[in-house]
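Okay, here's what each chain looks like letter by letter:
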Amino acid sequence: MTGKQVFIFGAGYSGKAFARADENADTTIFGTTRSADKFGSLRQAGIEPLRFDGALTREIGDALKKTTHLVISIAPEEAGDPVLNAAREAIAADMPALEWIAYLSTVGVYGDHGGNWVDETAECRPVSKRSVMRVAAEQDWLKLGQGIGRPVAILRLSGIYGPGRNALVNLENGTARRLVKPGQVFNRIHCDDIAGALWHLAQDDRGGIFNVTDDLPAPPQDVVAYAAALMGVTPPPEIPFDAAQLSPMARSFYGENKRVANRGIKAAGYRFRFPDYRSALDHLWASGDWRDGEARSPMR
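These numbers were taken from a predicted model, which means no experiment stands behind them.

A. Quick look at the packing of aromatic side chains. Tallied over the entire structure, the rule returns 10 aromatic pairs. For the pair Phe18 and Trp199, a centre-to-centre distance of 4.3 Å together with 25° between the ring planes defines the contact as stacked. Taken as a pair, Phe18 in helix H1 (residues 13-20) and Trp199 in helix H7 (residues 191-203) lie far apart in primary sequence, 181 residues in all. Residue class for Trp199 comes out buried when judged on its relative accessible area of 10%. Ring geometry for Trp285 against Trp290: centres 5.6 Å apart, planes inclined by 40°, an arrangement best described as tilted. The class for Trp285 is partly exposed, based on a relative accessible area of 32%. Cluster of aromatic residues (ring-pair linked, three or more members): Phe7, Phe9, Phe30 and Phe52. A cation over an aromatic ring shows up here: Arg165 above the ring of Tyr13, its NZ or CZ 4.0 Å from the ring centre.

Shown next as structure tokens:
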């Protein structure tokens, strides 16, 4: 992927991991944030920062004209997808170099499947309002791609973790809890595997729907216990789910129970760097970079 230009709408935690994983010295990466205060951290990740707060600026428009690979990592809102609302016409009519679009979605679109396995062919049964909006946004991006003849990759992500955002950090700062809801499991995905999957798909401009998630859906309390064992500390006590004080959003996550398979991205040839939480936590602990995801330098 030499001589390309990438534009990331919403260059947050995953977007910065994607930029840091760039191995092509001649790739230019632009990325947006709502606040100019975050420009420094974007530059540190190898991203040329631009401010986007729902309106298409001249600077963004100029960058889009030369963009070959477009990545969207902004959640939809009540009024729809903010990127499509602002830039649909520009993407359709004023991006002559565009080759490929990626939309970062969530496995939440599948809703609740009673702990059973789901893959990319499973029915979407979104429960929460945010997941209903995600399904609509996915369809809007796929429709746009069809309309302009460009491949669109939908990456459905599970719970994201990595340096600075993991059970080790939570144990150190005292926020880790072991909530127990019998039968409840979650999938997870290390940010480096989000980055790796994106670069892998971008290499061949491959479109489609892909679950980017690990091989080991597991009870959340098990992850905390494993991290505590690595650190040599006593894990926090188990708390029955019914007795836990949770925000409405946190409680809603436990209203959906499924095991998410990742056959699609593996069939596309991607091999996970961290196929389960154990290998990822082992690496984070051994490498010593588990505390701060911002401290890692770009690869290029």
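Moving on from the coordinates now.
B. Focus on the sheet that holds strand E5 (residues 100-106). Across the sheet, seven strands lie side by side as E3-E2-E1-E4-E5-E7-E11; this open sheet has parallel pairing. A single partner strand is all that each edge strand has here, and the edge strands are strand E3 (48-51) and strand E11 (208-212). With direction set aside, neighbouring strand axes in the sheet form an average angle of 20°. Note: strand E1 (residues 5-9) against strand E4 (residues 69-72), four bridges, orientation parallel. Pairing of Ile8 across the sheet is with Val71, part of E4. Taken strand by strand, helix H3 (residues 58-65) contacts E1, strand E2 (28-33), E3 and E4, and its axis lies near 140° from that of E1. Where helix H5 (residues 129-148) meets the sheet, it contacts E4, E5 and strand E7 (152-157), and its direction lies at approximately 170° from that of E5.

C. Representation of the nonpolar core. The biggest cluster of nonpolar side chains holds 30 residues, and the ones touching the most others in it are Leu155 and Leu198. Leave out the neighbours within four places in its chain, and Leu198 touches Phe18, Val71, Trp100, Ala102, Leu104 and Leu155. Core analysis: the second largest hydrophobic core is formed by 25 residues, Phe30, Ile74, Ala87 and Leu144 among them.

D. Structural context of the packing of H1 against H7. Taken N-terminus to C-terminus, the directions of H1 and H7 make an angle of 60°; their axes are 8 Å apart at the nearest point. Taken together, the axis directions place H1 and H7 in an arrangement best described as oblique. Handedness of the H1/H7 crossing: right-handed. From H1, Tyr13, Ser14, Ala17 and Phe18 reach across to H7, where they touch Cys191, Ile194, Ala195, Leu198 and Trp199. For the contact of H1 with H7, the per-class residue count stands at eight nonpolar, one polar and no charged.

E. Main features of H3. Taken residue by residue, H3 has Ile60, Gly61, Ala63 and Leu64 as its buried positions. Buried positions in H3, seen along its axis, are confined to an arc of 165° and lie on one side of it. Buried residues belonging to H3 abut E1, E2, E3 and E4.

F. Examining the side chain of Asn211 more closely. Relative to the elements of secondary structure, Asn211 occurs in strand E11. Given the relative accessible area of 0%, Asn211 is considered buried. For Asn211, the side chain forms a polar contact with the main-chain oxygen of Ala261, separated by 3.0 Å. Beyond its immediate sequence surroundings of up to four residues, Asn211 is in contact with Tyr110, Val118, Asp119, Glu120, Arg156, Val260, Ala261, Asn262 and Ile265.

Quick notes on the rules
- Note that residues are indexed from 1 along each chain, following the sequence as it is written.
- Residue-level local features of this predicted model are given only where pLDDT is at least 70; pairs of side-chain atoms are given and counted only at 80 or more, and the full residue set underlies all totals for whole chains, interfaces and linings.
- The side-chain quantities take in all heavy atoms of the structure and omit both hydrogens and water.
- Between the rings of Phe, Tyr and Trp (Trp by its six-membered ring), a pair exists once the centres lie within 6.5 Å; its type follows the angle of the planes, with under 30 degrees stacked, over 60 edge-to-face, and the other angles tilted.
- A run of H or I in DSSP counts as a helix once it spans at least four residues, and a run of E counts as a strand once it spans at least two, with each numbered from the N terminus.
- When a residue's accessible area, from a 1.4 Å probe over protein chains only, is under 20% of the maximum for its type it is buried; when over 50% it is exposed; and in between it is partly exposed.
- The rule is short: NZ of Lys or CZ of Arg within 6 Å of the ring centre and within 35 degrees of the ring normal puts a charge over the ring.
- In short, DSSP must find at least two bridges between two strands for them to pair.
- The axes used here are C-alpha line fits, helices contributing only the stretch in contact, and every angle between their N-to-C directions lies in the interval 0 to 180 degrees.
- Whether two residues are in contact is decided by their heavy atoms, any of which lying within 4.5 Å being enough.
- Only buried Ala, Val, Leu, Ile, Met, Phe, Trp, Tyr and Cys residues count toward a nonpolar core, and they belong to the same one when joined by side-chain atoms within 4.5 Å.
- Roughly parallel covers angles under 35 degrees, roughly antiparallel covers those over 145, roughly perpendicular covers 65 to 115, and oblique covers all other angles.
- Left-handed describes a crossing in which the near helix is turned anticlockwise from the far one by less than a right angle; the clockwise case is right-handed.
- Ten residue types, Ala, Val, Leu, Ile, Met, Phe, Trp, Tyr, Cys and Pro, are classed as nonpolar, four, Asp, Glu, Lys and Arg, as charged, and the remainder, Gly among them, as polar.
- It is the directions from the helix axis to the C-beta atoms whose arc is reported.
- In protein, a polar contact requires one atom able to donate a hydrogen and another able to accept it; more generally it is a pair of N or O atoms within 3.5 Å, and residues adjacent in sequence count only if both atoms are side-chain atoms.

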